[in-house]
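This is what each chain is made of:
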Amino acid sequence: MATIIGYLRTDADPRCPISLDSLKKLEKAGYTYLAEDGIADAIGGLEISTVPRSEVLRDAHVIYCSTPLSAEEMSALSGDKVLISFYAPYEEAIDPNHFPSDGVSAYSMDMIPRTTLAQSMDVLSSMASLAGYQAVLLAASKLPRYFPMLMTAAGTIRPANVLVIGAGVAGLQAIATAKRLGARVEAFDVRDAVRDEVQSLGAKFVEVEGATDDIAAGGYAVQQTPEYLRKQKEAIAAAVKKADAVITTAQLRGRPAPTLVTEEMVKTMKPGSVIIDMASSSGGNCECSADTQHVQRHGVHIIGDSQLYLQTLQDASDLLANNIANYASIFLDEEGKLLLNSENEILQKSIVFPQSDSQ
Ligand code: NAD
């Protein structure tokens, strides 16, 4: 009997976690699937067979749901189940009492390591990439100015200055998109390692000396010294003042986002300028931003949105579906039987229940 993967829908996430391509991958790995009624409602046009939620919960061996199951559903589970979700254990420690002790294991896709091997399963990267693109389109549409240089008989329009703060996955995509639209782009990141990538996209890297770069942090940014923060503030203030559009993406996993664009800096911007704060859900990089809000302060449009990938819902769904299918494939052996290989590094890093003593 093939292993069954079940997909549950949730009101909290309109993305469809299943696609025709992902079904092919799953079939190749040895899965059949069950999907909850309504799972593709938000994207439309995906013709797959679906079943009631209770059937997925009862019959699937591996169950994906973007949000963790409720305590009630959890206690009603019977038999061996592998749960896949986003548990964000770096925000709140996992409560082992949430899981029935027998036969259930849980894996968190936000704990998949940022390694080359795991790249095809990395939902955070997939979404960051879409969001970075979308942030630039949003900035361009709000700015009462043109992005590229334009020479007309009536005069020359100079290109817009775009500043991207944080050159991770989202920031690099924002840089590439803003360049394609013809803007002049500057970018800043505490990780000096991204300088070459920024420059190879044709953007100028804003230099601040003395950053602490911690390789042991697995590629994530680490807290910086007060001296560095002072120099950084000056460099960012100068770059913000020049910018027509600022896109901020800087995050510190499990901690509030650093405040990088202060109200004083906002005051120095030209009226009609735009700030897109993509770190708004964890406190924001701009002092004046509010999550999911569009506010105007000192004549500047400030938009806080950490889920801009939802604006490209079809692509967000397709990438999510592929990421899940690639991840679920490593739960099976070559014959398609469930084998939770405790030697597998990706599984080791992403399991949240049961926790081993070393976690
Ligand atoms: P993130 O969303 O955690 O942060 C975005 C960027 O903000 C990062 O580049 C970070 O350095 C920067 N930042 C943090 N604090 C800052 C500050 N005070 N000032 C300026 N910038 C600041 O990052 P992410 O996009 O998820 O990527 C994290 C790292 O993982 C990156 O090195 C990325 O290249 C790497 N990565 C590797 C893989 C892979 O190899 N599979 C996949 C994804 C990401």
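Figured I'd write up the structure that's included with this text.

So, on to the side chain of Ser-280. Locating Ser-280 in the fold gives a position in the loop between β12 (274-277) and β13 (294-297). Judged by its relative accessible area of 6%, Ser-280 falls in the buried class. In this structure the side chain of Ser-280 is engaged in a polar contact, spanning 3.0 Å, whose partner is the backbone nitrogen of Asp-305. Other than its neighbours up to four places away in sequence, Ser-280 contacts Asp-291, Thr-292, Gly-304, Asp-305 and Ser-306.

Take a nonpolar patch on the surface next. Residues Tyr-133, Leu-137 and Leu-181 make up a contiguous nonpolar surface patch of roughly 220 Å² in combined accessible area. Here Leu-181 lies in the loop between α5 (169-180) and β9 (184-188).

The next thing to look at is helix α1 (residues 20-29). Buried residues of α1: Ser-22, Leu-23, Leu-26 and Ala-29, and no others. Angular distribution of buried residues about the axis of α1 spans 120°; they occupy a single face of the element. When the buried face of α1 is taken as reference, the exposed residues oriented beyond 90 degrees from it are Lys-24, Glu-27 and Lys-28. The first or second residue beyond α1 is Gly-30, which carries a positive phi of 120°.

In the region of the ligand, 22 residues are neighbours, and Thr-115, Ser-125, Val-169, Asp-189 and Arg-191 sit closest. Contact distances for the ligand include 3.0 Å between a nitrogen atom and a backbone N or O atom of Thr-115. A distance of 2.7 Å separates an oxygen atom of the ligand from a polar backbone atom of Val-169. Considering the ligand on its own, with 830 Å² of exposed area, one finds that the protein chains cover 85% of that surface. Per-class residue counts for the shell around the ligand are 9 nonpolar, 9 polar and 4 charged. Both domains that furnish three or more residues to the shell around the ligand are identified here as domain 1 (3-121 + 315-353) and domain 2 (143-306).

Basis of the calculations
Residues numbered from 1 in each chain as written. Predicted model: local features only at pLDDT ≥ 70, side-chain atom pairs only at ≥ 80, totals over all residues. Heavy atoms only, no water. Helix = DSSP H or I, 4+ residues; strand = E, 2+ residues; numbered from the N terminus. Buried < 20%, exposed > 50% of the residue type's maximum accessible area, 1.4 Å probe, protein only. Polar contact = N/O pair within 3.5 Å; in protein donor to acceptor, adjacent residues only side chain to side chain. Contact = heavy atoms within 4.5 Å. Patch = residues over 30% accessible without salt bridge, like charges linked within 9 Å, V, L, I, M, F, W, Y side chains within 5 Å. Areas by Shrake-Rupley, 256 points an atom, 1.4 Å probe, with all protein chains shown as cover. Salt bridge = Lys/Arg side-chain N within 4 Å of Asp/Glu carboxyl O. Arc of directions from axis to C-beta. Near = heavy atom within 4 Å. Nonpolar A, V, L, I, M, F, W, Y, C, P; charged D, E, K, R; others polar. Domains from an automatic or database assignment.

Purely geometric numbers; function is a separate question.
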